[in-house]
Amino acid sequence: MSDHMLTGHHEAEENFRTLLNNTTAAQAVSRVVEGTIGPKGLDVMLVDNLGRIAVSNDGLTILKLMEANHPVARMIISAVKSQQSEVGDGTTTTAILAAAIIAEGSSCIFKGVPVSSLVQGIDKGIKEAIRLIDEVTVHISSLDHKYLFDTALIAGRGHEDIAGLVVDGASLIGMENLLNPGYKLVDAVVSCEAAADRVFNGVIIKREPINMHILPEFISNPVIIVINDALGPGKIDNDALKTDSGFKHYMQSRDLYEHNLQKIRDAGVNLVVVDRGIDDMAEEFFSRSGIAVVQRVSAREIDDLCRHTGAQKLKRSTLDENLDQVKQYTGCAEQIRFDKKHRQILVHGGRSESFATILVGASTREAVEERERIAQDAAAAVQAAVQDGIVAGGGTLEVWLAERLQELADAEDGLSSYGISSVSEALKRPFLCMTANAGLNPLKKLGEVLSSQKETGSSSISLDYSSEKLVDAFEKGIVDPAGVKINALKTAGEVAASVLRINMIIKMQADKPDNTFIN
Ligand SMILES: Nc1ncnc2c1ncn2[C@@H]1O[C@H](COP(=O)(O)OP(=O)(O)OP(=O)(O)O)[C@@H](O)[C@H]1O
Ligand SMILES: [Mg+2]
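In this text, all values refer to a predicted model and were calculated from it rather than measured experimentally.

Spatially, six strands are ordered β3-β12-β4-β11-β10-β5 in an open sheet, and the strand pairing comes out mixed. The open sheet has two edge strands with one neighbour each: β3 (189–193) and β5 (218–220). Taken pair by pair, the neighbouring strands of this sheet meet at an average axis angle of 40°, ignoring direction. Note: strand β4 (residues 198–205) against strand β12 (residues 356–362), four bridges, orientation antiparallel. Residue pairing for β12: Val199 is matched across the bridge by Ile358.

Let's shift gears to the packing of helix α14 (residues 396–411) against helix α15 (residues 417–427). One can describe the packing of α14 onto α15 by two numbers: an axis separation of 8 Å at closest approach and a directional angle of 165°. It follows that α14 is roughly antiparallel to α15 by the angle criterion. For the pair α14 and α15, the sense of crossing is left-handed. Where α14 approaches α15, its residues Glu398, Val399, Leu401, Ala402, Leu405, Gln406, Leu408 and Ala409 are matched on the opposing element by Ser417, Ile420, Ser421, Val423, Ser424 and Leu427.

Here the focus is the domain arrangement of the chain. What the domain assignment reports for the chain is domain 1 (11–138 + 391–501), domain 2 (146–188 + 363–388) and domain 3 (201–351). Spacing between the C-alpha centres of domain 2 and domain 3 amounts to 33 Å.

Within the sequence span of helix α10 (residues 280–289), burial applies to Met281, Ala282, Phe285 and Phe286. All buried residues of α10 lie within an arc of 120° about the axis, which places them on one face of the element. Turned more than 90 degrees away from the buried face of α10, the exposed residues are Asp280 and Arg288. Of the surrounding secondary structure, the elements contacted by the buried residues of α10 are α9 (244–266), β7 (271–274) and β8 (292–294). Positioned one or two residues after α10, Gly290 has a phi angle of 70°, which is positive.

To continue, consider the site of ligand 1. Near ligand 1 lie 22 residues; those nearest to it are Thr91, Thr92, Thr93, Gly394 and Asp480. Here an oxygen atom of ligand 1 and a side-chain polar atom of Thr91 are 2.6 Å apart. About the coverage of ligand 1: the protein hides 89% of its 630 Å² of free accessible area. Among the elements that make up the shell around ligand 1, the one with the highest residue count is helix α4 (residues 91–110) (three residues). When its residues are assigned to classes, the shell around ligand 1 shows six nonpolar, ten polar and six charged. When we break the shell around ligand 1 down by domain, the ones giving at least three residues each are domain 1 (11–138 + 391–501) and domain 2 (146–188 + 363–388).

As a further point, take the pattern of salt bridges. Under the counting rule described, the total for this entry stands at 29 salt bridges. Between Arg157 and Asp377 there is a salt bridge, with the nearest N and O atoms lying 3.1 Å from each other. Residue Arg157 is located in the loop between α6 (146–155) and α7 (160–179), and its partner Asp377 is located in helix α13 (residues 365–388); the two are separated by 220 residues in the primary sequence. Residue Arg157 is classed as partly exposed on the basis of its relative accessible area of 31%. Owing to a relative accessible area of 3%, Asp377 belongs among the buried residues under this scheme. Because the salt bridges share partners, they merge into one network encompassing Asp58, Arg157, Glu370, Arg373 and Asp377.

Next up on the list: the state of the cysteines. One covalent bond between the sulfur atoms of two cysteine residues makes up a disulfide. A complete count under the given rule lists zero disulfides for this structure. Among the cysteines around Cys108, which has no disulfide bond, Cys433 carries the closest sulfur, lying 19 Å off. In this structure Cys108 comes out as buried when scored by relative accessible area, which is 5%. Not engaged in a disulfide, the cysteine Cys306 finds its nearest cysteine sulfur in Cys332; these two sulfurs lie 13 Å apart. For Cys306, a relative accessible area of 10% gives the class buried.

What counts as what
- Residues numbered from 1 in each chain as written.
- Chains lettered and ligands numbered in written order.
- Predicted model: local features only at pLDDT ≥ 70, side-chain atom pairs only at ≥ 80, totals over all residues.
- Heavy atoms only, no water.
- Pairing = 2+ DSSP bridges.
- Helix = DSSP H or I, 4+ residues; strand = E, 2+ residues; numbered from the N terminus.
- Axes fitted to C-alpha atoms, helices over the stretch in contact; angles between N-to-C directions.
- Parallel < 35°, antiparallel > 145°, perpendicular 65-115°, else oblique.
- Left-handed = near helix turned anticlockwise from the far one by under 90°.
- Contact = heavy atoms within 4.5 Å.
- Domains from an automatic or database assignment.
- Buried < 20%, exposed > 50% of the residue type's maximum accessible area, 1.4 Å probe, protein only.
- Arc of directions from axis to C-beta.
- Near = heavy atom within 4 Å.
- Polar contact = N/O pair within 3.5 Å; in protein donor to acceptor, adjacent residues only side chain to side chain.
- Areas by Shrake-Rupley, 256 points an atom, 1.4 Å probe, with all protein chains shown as cover.
- Nonpolar A, V, L, I, M, F, W, Y, C, P; charged D, E, K, R; others polar.
- Salt bridge = Lys/Arg side-chain N within 4 Å of Asp/Glu carboxyl O.
- Disulfide = S-S within 2.5 Å.

Laid out in structure tokens, this is it:
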């Protein structure tokens, strides 16, 4: 054997080893979340070396918390994060699909299929699957559609109370807002320990006024001012204070400041919201005047409050303007409620944009966090359903797509058919995991669903995981938002193709930034 052949052989072995390692890492990530998917999925407990624990059923939460050192594991986790930020649900499905495409694809490479043909086929398979999803999507025309509650219930893991709250929140905010890509119903979800679940037209500021003790339980028709600054007199240099003119200037600026505080009172303001801190003089002045003041409010809460009440953020220097001008920056609402028990402020019935707040409560901190995540999943799913329609859930759509893609692969001449087959096989994984989680025989149930779908020509024949009977997913209300499925497929296909293209992993210089992709 020539030296050249030996080197070539060694290189191929090295490349296969990299591929095998990458595939193993991807599957390890998938295995962590496979047991959580579907109606019978269980939770994962994570423990750190100090013995602290976290328990969750949510794909992203688990993957974010788990220790993952392998670069491919980190690539999949980052794909899952992108699924969450784009559609807010379907993170477990994304991880499972990505790992399955990688596993199927790498076994094709081991058989000698060139990576470029394989990746081309994967891309074709994903595109065809998305086209087919479009064909079977049912669009939702009104917010009282039954499928909207079903969508919330499926994404909300069967919590009827949460599904009801989310659908009420969606109705409150209205179709126009839900269709606006800039509006996120997920952001309307707020949680609070020991609070009662409710939906209202308003916003919550999760901080208490610094003078809560002097405030009534509520104020009707309040006027609100939002100061996007710290509240205090202008700063004077210590050295300048030692001179006569410096001291005079200091006294003048304090007088102006006091005058400006009086202007806030004279503008009829009941609540002052400040994004940074306030000084003692302002605290004392507002308390004396019976005006609520809350400091260090988050940027998001301030933005929501402004949109809801029509208040405009102003800088401290804007207070130097005359009273009428200052009044123009204020916002109004029907009522402010000072929730002393939960140390927060509820602003209802703002005079500007409608704003839904979906408040979920539970008795312990852990339960509150999990209920908040469930409500967020349901909210994301409801908005995605309104925007792009719904498809059969329970892994059924994927099974139907798998069969269609296999037909396409069989009709394909070139080696890219292997890529299409890889996507087809991967699409069966979510269903197989869900049946396994329900304690059923996955391959037997897959066969039953496939043959029933073939017999009836219906893409929605599904499995009822409780009764083990074959049912129509739409009739049973087992529905998922089309957008979640489409995004999961795209994201999984992209990360799988990137992983399959990796030929070698080498160490990078220490000072180079992480996650740099140079092509
Ligand atoms: N009662 C049910 N019957 C049948 N299938 C269900 C039921 N409830 C949920 N499912 C299915 O479970 C799948 C979603 O499972 P799950 O919510 O655990 O994962 P995910 O949405 O991919 O990820 P995550 O919610 O963790 O971001 C969907 O295919 C959905 O249709
Ligand atoms: Mg989900």
